[in-house]
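Each chain, letter by letter, is given below.
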Amino acid sequence: MSTQQRQPMEGEFTPRADALRHKFRGEVLEPGDPVFEQMRRVYNANIDRHPALIARCRDVADVIAAVDFARETGRAAAIRGGGHNVGGLGTVDDEVLIDLSNLRGIRVEPKKRRVRVEGGCTIGELDHATCAFGLAVPAGIISTTGVGGLTLGGGFGHLSRQYGLTCDSLCSADIVTADGKLRYVDKDHHPDLLWAIKGGGGNYGVVTSFEFAAHPAKSIIGGPMFWSLDHTEELFAAYDQFIRRAPTQVSAFISFHIVPPMPPFPKDHHLETMCAIVWCYNGSEAEAKEVMEPLTSRIPPTFSMVGPIAYTELQSMFDGLMPHGLHHYWKSVFLRDLPAEAIEVHKEFGPRVANIHTTMHMYPLNGAVHRVGPKETAFNYRDVQYAANIVGIAETAEGLEPIKQWVREYFEALEPYSVGTGYTNFLFGDEDDKMIRAAFGDNYDRLVAIKTEYDPDNLFRINHNIRPAKARA
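Figured I'd write up the structure that's included with this text. Per chain, residues are indexed from 1 in the order of the written sequence. Reporting of local features is limited, given that this is a predicted model, to residues whose pLDDT is at least 70; pairs of side-chain atoms are given and counted only at 80 or more, and all residues count toward the totals for whole chains, interfaces and linings. With hydrogens and water excluded, all non-hydrogen atoms of the structure serve as input to the side-chain values.

Things to note about the nonpolar core
Then, in step 1: One finds Ile-197 and Met-362 to be the most contacted residues of the largest nonpolar core, which totals 114 residues.
Then, in step 2: Look past the residues within four positions of Met-362 in its chain and what remains in contact with it is Phe-236, Tyr-239, Phe-253, Ile-254, Leu-335, Leu-338, His-346, Tyr-386, Ala-387 and Ala-388.
Then, in step 3: By convention a nonpolar core is built from buried Ala, Val, Leu, Ile, Met, Phe, Trp, Tyr and Cys residues, the set being connected through side-chain atoms within 4.5 Å. We call a residue buried when its accessible area falls under 20% of the maximum for its residue type, exposed when it is over 50%, and partly exposed in between, using a 1.4 Å probe and counting protein chains only. Grouped together as the second largest cluster of nonpolar side chains are 23 residues, Leu-20, Cys-57, Ala-77 and Val-176 included. Contacts are assigned to residue pairs that have any heavy atoms within 4.5 Å of one another.

Here it is as structure tokens:
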């Protein structure tokens, strides 16, 4: 990650960029343009990169033109969808940035339970559209997350125990490949490419739209419960026992938080560091209470904010803690089990969260996620129980430095109990090639073959890169 300013290369592409502008509906921005500085900024303020050119696409024709431009000028293409990628893969130094943030169309077909989503949409926009029909796609927990990046990395959310990963609901897509061709992919058309974008990352092209199966989500009971830190050990053990056996209509992730000093959190607990479980039950309040009771009666919470809630409200509940422009550093590990030794790691490091933004979330990846075979999608880890995501956030770059150390130490202490890798959407740029390769597991060789077919020159390499045979560095 670069935090140093350098002189932009004004006008480097100007003659050829002018030619691009003539066939472009959107904006073509170069260093020195009045809005270039604003448009190059990304969600994670600790990422400070300077593209050679930003192509802000308005439609698929613009995407094709931008891909052709990158290929013909010998530059790599970075892709920005909803713009949330904390690792900085939605931007680049000295290459071409293809920005999809103006591609925001959504169409719901309620009778078919299908929704078509363009590549620049956020999950908040997706939820708004589908929830009007009592439907939802299992996707994320922060509404400002981009649909595209989430899906390409696999994706999970509050409804994943019941309906699977985000990519498991992906039925078809439109994708512009490195040759500048638009390909419609589904089970009958380029099925290998559809398979690859279900968890294989952004290696294969620019996905301009996604078609998802949508699922019933009419009555949601959800929200957080909080416990004092002296319950950490028994709470993690009880949670592990509970979530392995719980009906799939319930999801719950366990975490550490400093209670925000604001309503609706109880004033007596403002700024207290606590354990939390964030619940989502897809059903009635009476059913939810009965399902949660084995855990909540065993270890009663200090306070609870669980109740009937709109799914869109649950999805956006943590948005205020993670606004655009903070400084982030994250690590992630997949865990097949939660032995006592791993619980001890959480007990040691979790209470050291530094501020109201910093956290550790451990998400359950069982239920419907396990019903899909490891070879059925590019997302390979269908036997893990949890994704533990260690989220370091600060308001300044200087403030992030000590938090980075906490993230690394927490990660290193958990790693012996992991499968050797973690969730690709939460991997940063300082992972080694071994860990990135491990992120794709036994599907790596097939992904290399698909990459070689559709992007033999590695045009799309600003990602957790799967290099084609004889690829460019």
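Overview of the layout of surface pockets
Then, in step 1: Definitions used throughout: a 1 Å grid over protein atoms alone; a cavity as a set of points that fits a 1.4 Å probe which cannot get out; a pocket as an open set with protein on both sides within 12 Å along at least five of seven lines; a lining residue as one with an atom within 4 Å of a point. Grid points are joined across faces, edges and corners, and a volume is the space filled by probe spheres set on the points. Taken as a whole, the second largest pocket spans an internal volume of roughly 360 Å³.
Then, in step 2: Arg-80, Gly-82, Gly-83, Ser-101 and His-324 are, among the 18 residues lining the second largest pocket, the residues nearest its centre.
Then, in step 3: Taken together, the residues that form the lining of the second largest pocket break down as three nonpolar, 10 polar and five charged. Side-chain classes are defined by residue name, with Ala, Val, Leu, Ile, Met, Phe, Trp, Tyr, Cys and Pro counting as nonpolar, Asp, Glu, Lys and Arg as charged, and the others, Gly among them, as polar.

Structural notes on helix α8 (residues 232-245)
Then, in step 1: Spanning 14 residues, α8 covers 20 Å between terminal C-alpha atoms, matching the ideal 20 Å at 1.5 Å per step.
Then, in step 2: Only DSSP runs of H or I with at least four residues qualify as helices, and only runs of E with at least two residues qualify as strands; both kinds are numbered from the N terminus onward. Within the span of α8, buried status applies to Thr-232, Leu-235, Phe-236, Ala-238, Tyr-239, Asp-240, Phe-242 and Ile-243. A helix is expected to reach a length of 1.5 Å times the quantity of its residues less one.

Digging into the packing of aromatic side chains
Then, in step 1: Each Phe, Tyr or Trp ring (for Trp, its six-membered ring) is paired with any other whose centre lies within 6.5 Å, and the angle between the two planes then decides the class: stacked below 30 degrees, edge-to-face above 60, tilted in between. The final tally for this structure, using the stated rule, is 16 aromatic pairs.
Then, in step 2: An aromatic cluster of at least three residues, connected via ring pairs, comprises Phe-156, Phe-253, Phe-318, Trp-330, Tyr-363, Tyr-423 and Phe-426.
Then, in step 3: Counted as over-ring charges are cases with an Arg CZ or a Lys NZ within 6 Å of the ring centre that also lie within 35 degrees of the ring normal. The side chain of Lys-331 reaches across the aromatic face of Phe-411, ending 5.2 Å from its centre.
Then, in step 4: Between the NZ or CZ atom of Arg-446 and the centre of the ring of Trp-195, over which it lies, the distance is 3.8 Å.

So, the sheet that holds strand β4 (residues 96-99)
Then, in step 1: With mixed pairing, the four strands of this open sheet are ordered in space as β1-β2-β4-β3. Whereas interior strands pair on both sides, the edge strands pair on one side only; in this sheet they are β1 (27-29) and β3 (77-80). Neighbour-to-neighbour, the strand axes of this sheet turn through a mean angle of 20°, independent of strand direction.
Then, in step 2: For two strands to be treated as a pair, DSSP must find no fewer than two bridges joining them. Where β3 meets β4, four bridges bridge the pair, whose relative direction is parallel. In the sheet register, Ala-78 faces β4, and the bridge partner there is Leu-97.
Then, in step 3: Those strands touched by helix α3 (residues 60-72) are β2 (53-56), β3 and β4, and its axis lies near 170° from that of β4. Note on method: axes are straight lines fitted to C-alpha atoms, helices fitted across the in-contact stretch only, with angles between N-to-C directions ranging 0 to 180 degrees.

Considering the pattern of salt bridges
Then, in step 1: Salt bridge, as used here: a side-chain nitrogen of Lys or Arg that lies within 4 Å of a carboxyl oxygen of Asp or Glu. What the rule picks out here adds up to 28 salt bridges.
Then, in step 2: Note that Glu-72 is salt-bridged to Arg-71, the shortest N-O span being 3.8 Å.
Then, in step 3: A residue is classified by how much of its surface remains accessible, and Glu-72, at 48% relative accessible area, is partly exposed.
Then, in step 4: Looking at Arg-71, the relative accessible area reads 34%, which means it is partly exposed.
Then, in step 5: Among the ionic pairs, Asp-383 bridges to Arg-336, the shortest N-O distance being 2.7 Å. With a gap of 47 residues between them, Asp-383 in the loop between β18 (359-364) and β19 (386-394) and Arg-336 in the loop between β17 (327-335) and α11 (340-349) connect regions that are remote in the sequence.
Then, in step 6: Asp-383 gets classed as partly exposed once you look at its relative accessible area, which sits at 41%.
Then, in step 7: What makes Arg-336 partly exposed here is its relative accessible area of 36%.
Then, in step 8: Through salt bridges that share partners, Asp-18, Arg-21, Glu-30 and Asp-33 make up one connected network.

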